[in-house]
Amino acid sequence: MSIPEGATARVLASEIRSGARSARTVLEEHLVAIDAREGEINAFNLVLVNEARAAADAVDIRVAAGEDPGPLAGVPVALKDNMCTRGVPTTCSSRILEGWRPPYDATVVERLVAAGAVVVGKTNLDEFAMGSSTENSAFGVTRNPLDPTKVPGGSSGGSAAAVAAGFTPLALGSDTGGSIRQPAALCGVVGVKPTYGAVSRYGLVAFASSLDQIGPFSRTVADSALMLEVIGGHDRRDSTSIPEPAPDLSSVLDHGVEGLRVGIIEELSGDGLEGIADDVQARLHEAVAALEAAGATVASTSVPSTVYGLSAYYVVAPAEASSNLARYDGVRFGLRVDALNAGDMNTATRTAGFGDEVKRRIMLGTYALSAGYYDAYYGKSQKVRTLILEDFARAYEEFDLLLSPTAPTTAFPIGEKTADPMTMYLNDVCTIPSNLAGHPSMSVPFGVGEDGMPIGVQVLAPAFGEPTMFRAAKVLEAAAPDGHPAVGGTMVGSPTGVRHE
Amino acid sequence: MTDRISKEDVAHVADLARLNLTEEELEAFTGQLADVLDHAADLAALDLVDVEPMTNPLPMRNVLRPDVVGETSDRAEVLACAPSVEDEQFRVPPVLGESP
């Protein structure tokens, strides 16, 4: 058994709702795919075989009883392991949450289950979502299904790899500075960071609260739209949740880009930025041609303050993280390393429980917030966010959407950047500005690089611009040079893991 | 902007963040943090006196709910997450002094 060609969430859900196939059969097919390659890829921290079987059977019983289990009926989904699942370990790939079983479900989990989805497992991530390669994990490295010597990107690398490998058609990630879009690009799948507040963060373990946002991974643009419609919309348990229903994306998906104005961000697109690989630039230019051919007008534009995005991000995100991660004190949940007094217990627990990257960011943030440095770093970075927001606002007076590469290069070899954090951070240069502004953006697979590995094009939109963003993504998907690297049976089950051209 | 971050600074910050560092870690982290802060030094050149800081991407608003009792977490379930409990409370080593 292998995953049949075209096994998108939409197709699977419609087959299961109509009774043409059972949810259990669909699940078993995906479990076989997981069995075949999970040992090599390590996408999951935990596969919930029994729970998933019970959930799939429950869907089948409802279908048999004439009920409609919902738009994701029987669709296997994977959850990044920083989303709370009631009674099921939620680790953030950190030792410090060892043994913790959350007493509640994240809102996104509740909504997926209510829509009929079958949760298959919890996926690996860079510890507390801090990283761009899924190498900073207490559960080991996740490998890129298209070339297991390469990273899948991060921090949601497990979710990206799970979708790319055909383990599940859908997965959820979280994106603080590119943690959905960059791994989506590196694994050749679709990844979406919605508008800040569009998806409830209730039950998402906090990293940087003014930047974090949950979003979908899928093999097709239409599947991400479907998943976002299910998880989006107001939630009273998240005070930053936008008090509106989720936007209707499915009905506008095929509206095309005729007449849309698209701007290429000069500062992030290669000509203005060192370090963008030639093949990434070449694919971006082809994407531009595809949009023009579909009736959009495309021009270069400057969003000047985005060049300060990386600096501002690596102050703001660590600062918020240092505050958010103060809660891991060995008192209420997770790991405790005992000591003779409470203070020493806190220190011993945190020292043993956090990995190096998390320690680095906590210290960076603590420093940036400490007396004498606050104005120079944190205060200035918050003002840079305002500049970026204003620059985007100016650009969106002239353009409906903006375009850039998602990541500067294709997937890099495992171990290549672990010794030099600053080199690793540069991976996020194109994705960070959207987080700082709270805007939506998404990565669409658009051909491959010289090494045969996937390249993503990033579509950026103003706040609440998801409908227009998805229209452009759909056009790019249809025009992508080599079709879709991760769709179909060519890659799944391939013994070498190398994609066949 | 400021002098390069020193080993003493990093040791102080680690102490504030409740982290113990070995001498070797202190050395490595100091260099790495300095690299990141060097990169952030481009912010120093910006004149931002008249720019308002942005604390949140969306306009801030009050979020209120009706004043009615809703669902709450179950005490036993929450306490079951803790490494040590006693009499429906979290148990910790002495805050003042040391345990005997």
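Asks: Could you clarify how one ought to interpret helix α10 (residues 342-353) of chain A in this entry?
Replies: Each turn of an α-helix holds 3.6 residues, which means side chains three or four residues apart point in the same direction. All names here are of chain A. Helix length check: α10 (twelve residues) gives 16 Å between terminal C-alpha atoms against 16 Å at 1.5 Å per residue, within 8%. Within the span of α10, buried status applies to A342, M345, N346, T347, T349, R350 and G353. Of the surrounding elements, those touching the buried residues of α10 are α11 (356-369). Capping the start of α10 is the job of one residue whose side-chain oxygen sits 3.1 Å from the backbone nitrogen of G343: N341.

Asks: For this particular structure, what's the right way to read the packing of α11(A) against helix α1 (residues 7-16) of chain B?
Replies: Working note: a packed helix pair is described by the angle between its axes plus the distance between those axes. Closest axis-to-axis distance for the α11(A)/α1(B) pair is 9 Å, and the angle between their directions is 100 degrees. It follows from the interaxial angle that α11(A) and α1(B) lie roughly perpendicular. For the pair α11(A) and α1(B), the contacting residues are M363(A), T366(A) and Y367(A) in the first and D9(B), V10(B), V13(B), A14(B) and L16(B) in the second. Grouping the constituent residues of the contact of α11(A) with α1(B) by class yields six nonpolar, one polar and one charged.

Asks: Please explain empty space enclosed by the protein as it appears in this structure.
Replies: Picture a little ball the size of a water molecule; that probe, rolled over the atoms, points out where space is still empty. All names here are of chain A. Under the counting rule described, the total for this entry stands at three cavities of 30 Å³ or more. Lining the second largest cavity are 13 residues, with A129, G131, S179, Y313 and D428 sitting closest to its centre. Taken together, the residues of the lining of the second largest cavity break down into five nonpolar, six polar and two charged.

Asks: Looking at this structure, how should I read the packing of helix α7 (residues 221-231) of chain A against helix α15 (residues 466-479) of chain A?
Replies: Residue and element names in this part refer to chain A. Running from N to C, α7 and α15 point in directions that differ by 155 degrees, and their axes come no closer than 9 Å. The pairing of α7 with α15 is recorded here as roughly antiparallel in orientation. Contact residues: α7 offers V221, S224, A225 and L228, while α15 offers E466, F470, A473, K474 and E477. Its residues assigned to classes, the contact of α7 with α15 shows five nonpolar, one polar and three charged.

Asks: What am I meant to see in the pairing of strand β11 (residues 454-460) of chain A here?
Replies: Each regular strand carries side chains that alternate between the two faces of the sheet. Residues and elements named next belong to chain A. In terms of burial, β11 is largely enclosed, as seven of its seven residues are buried. Where burial is concerned, the two faces of β11 agree: the one with P454, G456, Q458 and L460 and the one with I455, V457 and V459 are both buried. Bridge count between strand β10 (residues 441-448) and β11: six bridges; the pairing is antiparallel. Across the sheet, S443 pairs through a bridge with Q458, a residue of β11.

Asks: So what exactly am I meant to see when it comes to the sheet that holds strand β7 (residues 261-265) of chain A here?
Replies: In any sheet, the strands associate via hydrogen bonds between backbone groups, in a parallel or an antiparallel arrangement. Residues and elements named next belong to chain A. Strand order in the open sheet made by the eleven strands is β1-β3-β2-β4-β6-β5-β10-β11-β9-β7-β8, with mixed pairing throughout. The open sheet has two edge strands, β1 (44-47) and β8 (297-301), and neither has a second partner. Strand-to-strand twist across the sheet, computed as the mean angle between neighbouring axes with direction ignored, equals 30 degrees. Packing of helix α4 (residues 107-114) onto the sheet brings it into contact with β2 (76-80), β3 (118-123), β4 (170-175) and β6 (213-218), and relative to β2 it is tilted by some 180 degrees.

Asks: Before we go on, may I ask you to explain the pairing of β2(A) in this structure?
Replies: Residues and elements named next belong to chain A. A large share of β2 lies buried, amounting to five of its five residues. Where burial is concerned, the two faces of β2 agree: the one with P76, A78 and K80 and the one with V77 and L79 are both buried. Strand direction decides the pairing type here: β2 and β3, joined by five bridges, are parallel. When the sheet's bridge partners are listed, A78 is paired in β3 with G121. With α4 bridging β2 and its parallel neighbour β3, the resulting β-α-β unit is right-handed. In the sheet, β2 pairs with β4 via three bridges, with the strands oriented parallel.

Thresholds applied
- Residue positions within a chain follow its written sequence, with the count starting from 1.
- Each chain gets a letter, beginning with A, and each ligand a number, beginning with 1, in the order they are written.
- It should be noted that, the model being predicted, local features are given only for residues of pLDDT at least 70 and side-chain atom pairs only at 80 or more, the latter also being counted only at that level, while totals for whole chains, interfaces and linings use all residues.
- Side-chain figures throughout are based on the complete set of non-hydrogen atoms in the structure, without hydrogens or water.
- Numbering of helices and strands runs from the N terminus; a helix is a DSSP stretch of H or I covering at least four residues, while a strand is a stretch of E covering at least two.
- Multiplying one less than the number of residues by 1.5 Å gives the expected span of a helix.
- Think of it in three bands: residues with accessible area under 20% of the maximum for their type are buried, residues over 50% are exposed, and the middle band is partly exposed, with areas taken using a 1.4 Å probe on protein chains only.
- Throughout, a residue-residue contact means that at least one pair of heavy atoms, one from each residue, lies within 4.5 Å.
- Definition of a polar contact: a pair of N or O atoms within 3.5 Å, with one able to donate and the other able to accept a hydrogen when the atoms are protein atoms, and with sequence-neighbouring residues admitted only if both atoms are side-chain atoms.
- In this analysis an axis means a line fitted to C-alpha atoms, helices contributing only their contacting stretch, and an angle means the value between N-to-C directions, from 0 to 180 degrees.
- Just so you know how the angles are binned, under 35 degrees is roughly parallel, over 145 roughly antiparallel, 65 to 115 roughly perpendicular, and the rest oblique.
- All amino acids are sorted into three groups, where Ala, Val, Leu, Ile, Met, Phe, Trp, Tyr, Cys and Pro are nonpolar, Asp, Glu, Lys and Arg are charged, and the leftover types, Gly among them, are polar.
- Residues are called lining when one of their atoms sits within 4 Å of a cavity or pocket point, these points coming from a 1 Å grid over the protein atoms alone, where a cavity is a set in which a 1.4 Å probe fits but cannot get out and a pocket is an open set with protein on both sides within 12 Å along at least five of seven lines.
- Grid points are joined across faces, edges and corners, and a volume is the space filled by probe spheres set on the points.
- Whether two strands pair depends on DSSP finding at least two bridges between them.
- Crossover handedness is defined by viewing with both strands directed away from the observer: a clockwise path from the first strand over the helix to the second marks the crossover as right-handed.

Note that every value here comes from positions in space, so none of it alone points to a role or purpose.
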